[in-house]
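Secondary and tertiary structure notes
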Amino acid sequence: DEKPIKELVKDLQRTLLQADVNVELVLQLSRAVEDRSLKEKLPPGITRREHVVKVLYEEMTKFVGQDPAKVEVQPGVFRKLMLVGIQGTGKTTSSVKLARFFQKRGLRVGVVGADTYRPGALEQLKQLAATVEIPVYGEPGTKKPEDIAKHGLEHYRKEKTDLVIIDTAGRHRDDWTAGDYSSPRVPRSNTCRVGAIDKDGRVRQGRRSAFGRRRNRFEGQIHRNRRTS
Ligand SMILES: Nc1nc2c(ncn2[C@@H]2O[C@H](COP(=O)(O)OP(=O)(O)OP(=O)(O)O)[C@@H](O)[C@H]2O)c(=O)[nH]1
Ligand SMILES: [Mg+2]
């Protein structure tokens, strides 16, 4: 059984490295998968392959954080969530998925399109949101994302919305740790802090994080990097 497992682990390493995941992290993950796959007894009714996939899933879950982050949303309390992160990591898609998730649970949800950088960003958000009937607030002519976010919040507050999700422009991953990350200044009261994954795919939650002194600015925001999660 050893040979196919080692081949599978090599495959996994190749895939992760090609996706630019930090080398140290790739080694850590693949070692854990190899060790456990070789050592653990196969549960009854499960093939070796299925077991390796299960181990891989568990190790990845461990890495991105096992405990679900609580997003405290309740009817009648105005909350906001802002999605920030590296380009193309799924912020816009996730904003609509999250909106739908809470809408299905009976909450009034609205989305704000504050990506003023990528052409067609607002249109993309509108199209996605229309499929699940989520209202979108956007200002095609406005250049400052913080203005759109602010106006969007005012709009939804009047509408007695419970949760406002703000979609922002993606940043290049080199900017992420280079120190010039700027996000719309959105009031931080009643926000939910969820967690952060940096460009090397490490979960940053402690004070000595890659975000360093700028960490406080990230409070109230979700950081998500689909590439590594
Ligand atoms: N497989 C998969 N694809 C996804 C997921 N989320 C988003 N995508 C796809 O990834 C691509 C980028 O998603 P977006 O939601 O536009 O990402 P974004 O972070 O808003 O991108 P920017 O605004 O350009 O920074 C799209 O083609 C999505 O369909 C996911 O969870 N799984
Ligand atoms: Mg987007």
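Quick note: structure is the one above.
Just so it is clear, the structure is predicted and the values come from calculations on it, not from any experiment.

**What about the packing of aromatic side chains?**
In this structure the tally under the stated criterion is 1 aromatic pair. When the ring of phenylalanine 101 is compared with that of phenylalanine 102, the centres are 5.1 Å apart and the planes differ by 85 degrees; the resulting orientation is edge-to-face. Over the ring of phenylalanine 101 we find arginine 105, and its NZ or CZ is 3.6 Å from the ring centre.

**Some thoughts on the packing of helix α1 (residues 2–18) against helix α2 (residues 23–39)**
Packing of α1 against α2 brings their axes to within 10 Å, and their N-to-C directions diverge by 160 degrees. As summarised for this structure, α1 and α2 are arranged roughly antiparallel, according to the angle between their axes. The interaxial crossing formed by α1 with α2 has right-handed handedness. Judged by residue contacts, Glu2, Ile5, Lys6, Val9, Leu12, Gln13, Leu16 and Leu17 of α1 engage Val23, Val26, Leu27, Leu29, Ser30, Val33, Glu34, Ser37 and Leu38 from α2.

**Looking at the site of ligand 1**
Within the structure, ligand 1 sits among 13 residues, and Lys91, Thr92, Thr93, Arg118 and Gln124 are positioned closest to it. A distance of 2.7 Å is found between an oxygen atom of ligand 1 and a side-chain nitrogen or oxygen belonging to threonine 92. Within the side chain of arginine 118, an N or O atom sits 2.9 Å from an oxygen atom of ligand 1. A total of 650 Å² of accessible area belongs to ligand 1 in isolation, and the protein chains cover 62% of it. Partitioning the shell around ligand 1 into residue classes produces no nonpolar, 8 polar and 5 charged.

What counts and how
- Residues numbered from 1 in each chain as written.
- Chains lettered and ligands numbered in written order.
- Predicted model: local features only at pLDDT ≥ 70, side-chain atom pairs only at ≥ 80, totals over all residues.
- Heavy atoms only, no water.
- Phe/Tyr/Trp six-rings, centres within 6.5 Å; stacked < 30°, edge-to-face > 60°.
- Lys NZ or Arg CZ within 6 Å of the ring centre and 35° of its normal.
- Axes fitted to C-alpha atoms, helices over the stretch in contact; angles between N-to-C directions.
- Helix = DSSP H or I, 4+ residues; strand = E, 2+ residues; numbered from the N terminus.
- Parallel < 35°, antiparallel > 145°, perpendicular 65-115°, else oblique.
- Left-handed = near helix turned anticlockwise from the far one by under 90°.
- Contact = heavy atoms within 4.5 Å.
- Near = heavy atom within 4 Å.
- Polar contact = N/O pair within 3.5 Å; in protein donor to acceptor, adjacent residues only side chain to side chain.
- Areas by Shrake-Rupley, 256 points an atom, 1.4 Å probe, with all protein chains shown as cover.
- Nonpolar A, V, L, I, M, F, W, Y, C, P; charged D, E, K, R; others polar.

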